[in-house]
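Residue-level structural notes
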Amino acid sequence: MSSLLVDNIGELVTNGVAEGPLGIRRDAAVLVEEGRVAWVGPAAYAPAADRRVDAGGAAVLPGFVDSHAHLVFAGDRAAEFAARMAGQPYTGGGIRTTVGATRAATDDELRTTVRRLRGEALRQGTTTMEIKSGYGLTVADEARSLRIAAETSTETTFLGAHVVPAEYADRPDDYVGLVCGPMLAAAAPYAKWIDVFCERGAFDVDHARAILACGQAAGLGVRVHANQLGPGPGVQLGVELGAASVDHCTHLSDADVDALASTRMDWLSGSETTTVATLLPGAEFSTRSPYPDARRLLDAGVTVALATDCNPGSSYTSSMPFCIALAVREMRMTPAEALWAATAGGARALRRDDIGVLTPGARADLVVLDAPSFLHLAYRPGVPLIRQVLLNGVPQ
Ligand code: NIG
Ligand code: FE
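Residues numbered from 1 in each chain as written. Chains lettered and ligands numbered in written order. Predicted model: local features only at pLDDT ≥ 70, side-chain atom pairs only at ≥ 80, totals over all residues.

How we decide: UniProt positions are given in the numbering used here, feature names are shortened, and annotations may be inferred rather than shown by experiment.
The chain appears in an unreviewed UniProt entry as Imidazolonepropionase from Micromonospora vulcania. UniProt's Subcellular location (unreviewed entry) comment on the chain is quoted here verbatim: "Cytoplasm".

Let's talk about the overall build of the chain
Defined as follows: Numbering goes from the N terminus for both helices and strands, where a helix is a DSSP run of H or I of at least four residues and a strand is a run of E of at least two. Radius of gyration here uses only the C-alpha atoms, and the compact-globule reference equals 2.2 Å multiplied by the residue count raised to the power 0.38. Whether a residue is buried, exposed or partly exposed follows from its count of other C-beta atoms within 10 Å of its own C-beta, namely 20 or more, 12 or fewer, or something in between, respectively; the C-beta atoms are built from the backbone. Think of it this way: build a C-beta for each residue from its backbone, and any pair within 7 Å is a contact.
In terms of helices and strands, the chain carries 13 helices and 17 strands. Computed over C-alpha atoms, the radius of gyration of the chain comes to 21 Å, within 12% of the 21 Å expected from 2.2 N^0.38 for 396 residues, which places it in the range of a compact globule. Its C-alpha atoms put the chain at 70 × 45 × 45 Å along the principal axes. When burial is assessed residue by residue, the chain has 55% of its 396 residues classed as buried. In the chain, the share of contacts with a sequence separation of at least 24, taken over all contacts with a separation of at least 6, comes to 72%.

Here we look at the nonpolar core
Selection rule: Joined through C-beta atoms within 7 Å, a set of buried Ala, Val, Leu, Ile, Met, Phe, Trp, Tyr and Cys residues constitutes a nonpolar core.
Judged by nonpolar contacts, the single largest core of 129 residues is most densely connected at Ile324 and Ala327. The contact partners of Ala327, leaving out residues within four places of it in the chain, are Leu279, Pro281, Ala294, Leu306, Met333, Ala338 and Ala341.

Section: the site of ligand 1
Going by this rule: Placing a C-beta atom from the backbone of each residue, we mark the residue near a molecule or strand if the atom is within 6 Å of it. In this classification, Asp, Glu, Lys and Arg are treated as charged, Ala, Val, Leu, Ile, Met, Phe, Trp, Tyr, Cys and Pro as nonpolar, and every other residue, Gly included, as polar.
With respect to spatial proximity, 13 residues lie near ligand 1, and among them Ile95, Phe197, Asn311, Gly313 and Ser314 are the closest. For the shell around ligand 1, a count of residues per class yields four nonpolar, eight polar and one charged.

Some thoughts on the UniProt feature "binding site: 4-imidazolone-5-propanoate" (unreviewed entry) in the chain
Taken from the UniProt record, the annotation "binding site: 4-imidazolone-5-propanoate" (unreviewed entry) applies to Arg77, Tyr135, His162, Gln228 and Ser314. By the secondary structure assignment, Tyr135 is in the loop between strand S8 (131–132) and helix H4 (139–150). Setting aside residues up to four positions removed in sequence, Tyr135 forms contacts with Val72, Phe73, Thr98, Val99, Thr102 and Ser145. Counting through the fold element by element, Ser314 comes out in the loop between strand S14 (304–306) and helix H11 (320–330). The class of Ser314 is buried, set by 27 C-beta atoms lying within 10 Å. If we skip the residues at most four places from it in the chain, Ser314 touches Tyr90, Ala283, Ser286, Thr287 and Asp309.

A short note on the sheet that holds strand S11 (residues 221–226)
As a reminder of what qualifies: Note: two strands are recorded as paired if DSSP finds a minimum of 2 bridges between them. Lines fitted to C-alpha atoms define the axes, with helix axes restricted to the stretch in contact, and inter-axis angles between N-to-C directions lie between 0 and 180 degrees.
An order of S8-S9-S10-S11-S12-S13-S14 is seen for the seven strands of this open sheet, with the pairing classed as parallel. Each end of this open sheet is capped by a strand with a single partner; those strands are S8 and S14. One ladder, built from three bridges, connects strand S9 (residues 156–161) with strand S10 (residues 193–198); its direction is parallel. Looking across to S10, one finds that Thr157 is bridged to Trp193. Strands in contact with H4 are S8 and S9; relative to S9, the strand with the most contacts, it is inclined by about 165°.

Focus: the UniProt feature "binding site: N-formimidoyl-L-glutamate" (unreviewed entry) in the chain
Mapped onto the present numbering, the UniProt feature "binding site: N-formimidoyl-L-glutamate" (unreviewed entry) falls at Tyr135, Asn311 and Gly313. Across 179 residues in sequence, these annotated residues keep their C-alpha atoms within 11.3 Å of one another, forming a single compact spot. Tracing the backbone shows Gly313 in the loop between S14 and H11. Dropping the residues within four chain positions of it, Gly313 is found in contact with Arg77, Glu80, Gly94, Ile95 and Thr98.

Here's the deal with the packing of H11 against helix H12 (residues 335–349)
Our working rule: Any angle that falls under 35 degrees is termed roughly parallel, while one over 145 is termed roughly antiparallel, one within 65 to 115 roughly perpendicular, and all others oblique. A clockwise turn of the near helix away from the far one marks a right-handed crossing, whereas an anticlockwise turn of less than a right angle marks a left-handed crossing.
For the pair H11 and H12, the least separation of the axes is 9 Å and the interaxial angle reads 140°. Comparing the axis directions of H11 and H12 gives the class oblique. Of the two elements, H11 crosses H12, and the hand of that crossing is right-handed. On the side of H11, the interface is formed by Met320, Cys323, Ile324, Ala327 and Val328, while H12 contributes Pro335, Ala338, Leu339, Ala341 and Ala342. Of the residues belonging to the contact of H11 with H12, the class tally is ten nonpolar, no polar and no charged.

As for the pairing of strand S2 (residues 24–33)
Relative to S2, strand S1 (residues 3–13) runs antiparallel, the two being bridged by eight bridges. Across the sheet, residue Val6 finds its bridge partner in S2, namely Val30. By the bridge criterion, six bridges tie S2 to strand S3 (residues 36–42) in an arrangement that is antiparallel. In the strand pairing of S3, Leu31 is matched with Trp39. Remark: two residues form the turn of the hairpin made by S2 and S3, two consecutive strands paired antiparallel; Glu34 in that turn has positive phi of roughly 55°.

Observations regarding the pairing of S10
Rules: Handedness rule for crossovers: strands pointing away from the viewer, path from the first strand over the helix to the second running clockwise, crossover right-handed.
Across the six residues that make up S10, a large majority, six, are buried. Handedness of the crossover joining S9 and S10 through helix H5 (residues 172–187) is recorded here as right-handed. For S10 and S11, the ladder comprises six bridges, and the chain directions are parallel. Looking at the pairing, Ile194 lines up with Val222 of S11. In this fold, S10 hands off to helix H6 (residues 205–217), which returns the chain to S11; that crossover is right-handed.

Topic: the packing of H4 against H5
Running from N to C, H4 and H5 point in directions that differ by 25°, and their axes come no closer than 8 Å. When the interaxial angle is binned, H4 and H5 end up roughly parallel. In this structure, H4 meets H5 at a crossing whose hand is right-handed. Between H4 and H5, the contacting residues are Val139, Glu142, Ala143 and Leu146 on the first element and Pro182, Met183, Ala186 and Ala187 on the second. Partitioned by chemical class, the residues of the contact of H4 with H5 number seven nonpolar, no polar and one charged.

What follows is the structure, given as structure tokens:
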């Protein structure tokens, strides 16, 4: 069995509970065996290993867990972005533009885009990336989107209910029937999750509930695009259905916050029933919209995750460090809260306990920074601080 020791770590973020906030250890080492963390402890007591990665006194963190991304698409919407920066509002109407380009693309063109963006994200420290469909919106195009997504990630999400495509514009009930019937049947073999864009102009609460319930019955976990463009029922629908995550959460009522807070982990039974609030500040940045109030959620005890929402319309970034910097500067999160949300929080949003932490037994997905502390992720925005990434114990 080959082993690898990461040592000379100045600051190790484990996200383990024993060591206090972020589970930080100084002068630590991490032993990796078979793609897993086998041991964490003081460098002075580190066991011998076959190979060594010298962190050079820098900070080492769990790899980022980006729990919300739309990577399967063709074309871009740079002109729409330019128009928005000149004053046009974001409405989600451009989704249909990307649907047209995606339907016209070959499998290889879509695959190349997914791999390019996944590679970009990996170089910026993302070791787990959820990937949604949602720009095909026919049975065949949703199924192939998910088939291609599944080549790159096990965290795949069926978003056939992204918008009602133009050909169904005057008969949305029929489109919901298609999504719940043949589209779900074709997509489910490649999908772990189901998601709906529950928003005015996309799917109302009754349609969203029906679609999510069909997905659940087919064995998929629930996630919801909720309360992005205005107040609405999406967050409470997600809580009602036991969603792993409700995403965006930009416009929340007190009742929405209370509903999320009521799902806090049940430590007594040990059952994981938390609905995470996943905040996507890249979308507010790129649509020039007010940011979600992370402080209000955190103060209410809600579990918060940060993700990129990488997509060609509302947030064309694959950078988790950028999202961390935005969350700290614009959303009143502390650097520690933002890092936790981008690692362990993302893992909770995917109901995973083997990622987002660097404790014995976890996957050896870790990042060596070009900085002495995780604080630099927000303190030095826009600077490439990822020196090395280990994915499943393998240096990239
Ligand atoms: O999460 N809001 C819905 N879907 C994406 C945007 C999709 C697009 O504009 O192409 C989002 O922001
Ligand atoms: Fe999204």
